[in-house]
Amino acid sequence: MLHGILAPHYFLDTRFQMFVSCQRTNQYKPGLAWFCAVPLVVAVALLYAGGFTTSIEAGMAFLDWPLSNGTLNPEGWLEDRDMRAEHSHRLLGMVVGLLTIIMVFWTWRSEERAWLRRLTVLCLAAVILQGIMGGMRVRFDQLNTGAENNLTAQAFVLLHAMGAQIVLCLLVSIALAQSRNWIERAAGLSEPAGLSIRYLGIGTCLLLLLQILLGAIVRHGNAGLALVSFPQSTPNGDWLPTYWNWAVAVNFTHRAGALLVCLAVLAFVAQVWADKNTRQAFGPVALLPLLLLVVQIFLGATLVWTRLNEHSATLHTLTGAFLLASCWMLTFLSFRLPLRGFPPESLAENDPNHSNDPAPASA
Ligand code: HEM
């Protein structure tokens, strides 16, 4: 027995148990809530840096990974634009990773909601995987492998682009679930949001993911100028392309996808507004996707008119991610269960029978 207690692993296990299990509550924790917003903010900067790196075609500024030219501080990286863009992207990735690790520990230490603790671990796994995808994109580039084509690296580029959206949505979910509005006001919902709103929200997010994937294929397949006019497909005013190859097809599908996205976002927002419960809870916030949609289409048009200006391309990538994140935010909020005894003055947070866990809401 004494031997067991003196054994280092026993000591460490006990310390870890004490560290993670003390003072867990499902109440609003201002420190943790604000901290959870930090990786989200840095992730936005990370997305910008990644988008800009792609726009100026600086993704292969360093041929190695995880280090850059064998170091964390490569010579001359601040002076050279390509190196600055790619290395900032890598450093910001590391910062998001470190912040996410702290978020996981803090959440496991003080958060009672098990689903939320697990969500932070999932988020950390996604961040790590995302870094690895970025690294594989570099390591498998034909500059490194000498391959005849660059399809393997391109596949990693697409996975990396989609992974970024998933990480962003996970960070949004965690930040929302820690917010005072979620915990103490049940996101403002007085009764569960209708199933149509939830399904429409999920459908809109999936459609947006597909549209972003198409955008990534257009961008990384150099098909951005396969159609040189906007809104028509040709300078002669034809709405449909007059010749077809894979670049035209994917470019045109991305444009047609934008129409579908518009319809889906409009229907989703209209549904949120049509329902008094959700309109009162998050009606004004639901206008954000509409605003982003207008900006996104304008930026798409600008891309064509300016022949792929690097800043328009970066902002178009970023706004696409914001659009998805805003629709996901509304969808996630619509899964929140109302508190017992609404209005919120009679909070159910101290009621041991009440759960803040949104999972049963779908049951
Ligand atoms: C409204 C919904 C739209 C969304 C969500 C969206 C999203 C995106 C995203 C995320 C990318 C970059 C993907 C990446 O690099 O990872 C992209 C690329 C692109 N999008 Fe869109 N887009 C939309 C509408 C449009 C429209 C209306 C146009 C007009 C022509 C357009 C033109 C382009 C072009 C040309 C590229 C490639 C840019 C480049 O080569 O640098 N997009 N889109």
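Just so it is clear, the model here is predicted, and its values are computed rather than measured.

About the cut-offs
- Residues numbered from 1 in each chain as written.
- Predicted model: local features only at pLDDT ≥ 70, side-chain atom pairs only at ≥ 80, totals over all residues.
- Near = placed C-beta within 6 Å.
- Helix = DSSP H or I, 4+ residues; strand = E, 2+ residues; numbered from the N terminus.
- Nonpolar A, V, L, I, M, F, W, Y, C, P; charged D, E, K, R; others polar.
- Expected span 1.5 Å × (residues − 1).
- Buried ≥ 20, exposed ≤ 12 C-beta atoms within 10 Å, placed from the backbone.
- Arc of directions from axis to C-beta.
- Contact = placed C-beta atoms within 7 Å.
- Axes fitted to C-alpha atoms, helices over the stretch in contact; angles between N-to-C directions.
- Parallel < 35°, antiparallel > 145°, perpendicular 65-115°, else oblique.
- Left-handed = near helix turned anticlockwise from the far one by under 90°.
- Core = buried A, V, L, I, M, F, W, Y, C linked by C-beta atoms within 7 Å.
- pLDDT = per-residue confidence, 0-100.

What follows is about the site of the ligand. Taken together, the neighbourhood of the ligand is formed by 29 residues, with Ala161, Gly215, Gly224, Gly300 and Gly320 sitting nearest. Among the elements of the structure, helix H3 (30–55), helix H9 (195–220), helix H10 (246–274), helix H12 (287–305) and helix H13 (310–334) are those that each provide at least two residues to the shell around the ligand. The residue inventory of the shell around the ligand, partitioned by class, reads 16 nonpolar, 11 polar and 2 charged.

Between its terminal C-alpha atoms H12 stretches 28 Å, which fits the 27 Å expected from 19 residues at 1.5 Å a residue. Within H12, the full set of buried residues consists of Pro289, Leu292, Leu293, Gln296, Leu299, Gly300 and Leu303. The buried residues of H12 all sit within an arc of 135° when viewed along its axis, so they share a single face. Counted as exposed and oriented over 90 degrees from the buried face of H12: Leu291, Val294 and Trp305. Of the surrounding secondary structure, the elements contacted by the buried residues of H12 are H10 and H13. Arg307 sits one or two positions beyond H12 and adopts a positive phi of about 55°.

Here the focus is the environment of Arg336. As for its placement among the helices and strands, Arg336 is situated in the segment after H13. On the basis of neighbour count, Arg336 is assigned to the buried category, with 24 C-beta atoms found within 10 Å. Remark: the alpha-carbon pair of Arg336 and Leu189, spanning 147 residues in sequence, is separated by 7.6 Å.

Relative to each other, H3 and helix H4 (residues 81–110) sit at 160°, their axes nearing to 9 Å. With respect to H4, the element H3 is oriented roughly antiparallel. By crossing handedness, the relation of H3 to H4 is classed as left-handed. Residue composition of the contact of H3 with H4, by class: 18 nonpolar, 8 polar and 1 charged.

Let us now look at unusual backbone geometry. In the segment running from Trp65 into Pro66, the intervening peptide bond is cis, with an omega of 15°. Along the polypeptide, Pro66 turns up in the loop between H3 and H4. The amide bond that connects Phe230 to the next residue, Pro231, takes the cis arrangement and shows omega of 10°. For Asn69, which is not glycine, the phi torsion reads 50° and is therefore positive. Position of Asn69 among the secondary structure elements: in the loop between H3 and H4.

Looking at soluble globular proteins, one finds that nonpolar side chains tend to be buried together. In terms of nonpolar packing, the biggest core is built from 68 residues, with Ala43, Val167, Leu168, Leu171, Leu324, Cys327 and Trp328 touching the most fellow members. Discounting residues that sit within four places of it in the chain, Leu171 has contacts with Pro39, Leu40, Ala43 and Cys123.

Moving on to the confidence of the model for the protein. Residues of the protein with pLDDT of at least 70 account for 87%, and the chain-wide mean is 91. Here residues 344–363 scores under 50 on pLDDT; set against residues more than four positions off or in separate chains, the count is 33 contacts.

With that settled, consider the environment of Leu330. Mapped onto the elements, Leu330 comes out in helix H13. Its 27 C-beta neighbours within 10 Å are what place Leu330 among the buried residues. On a C-alpha basis, the gap between Leu330 and Val272 in space is 8.8 Å, while along the polypeptide they are 58 residues apart. Sequence-distant contacts of Leu330, that is, excluding residues within four places in its chain, are made with Gly201, Val272, Phe282, Val285 and Ala286.

We now examine H13. Spanning 25 residues, H13 covers 36 Å between terminal C-alpha atoms, matching the ideal 36 Å at 1.5 Å per step. Among the 25 residues in H13, 21 count as buried, and that is most of the element.

This part is about the packing of H12 against H13. The N-to-C vectors of H12 and H13 enclose an angle of 155°; their axes lie 9 Å apart at closest approach. By the criterion of interaxial angle, the relationship of H12 to H13 is roughly antiparallel. For the element pair H12 and H13, the recorded crossing hand is left-handed. Touching Leu288, Pro289, Leu292, Leu293, Val295, Gln296, Leu299, Gly300, Thr302 and Leu303 of H12 are Ser312, Ala313, Leu315, His316, Thr319, Gly320, Phe322, Leu323, Ser326 and Cys327, all from H13. Here the residues of the contact of H12 with H13 are counted per class, giving 12 nonpolar, 8 polar and no charged.

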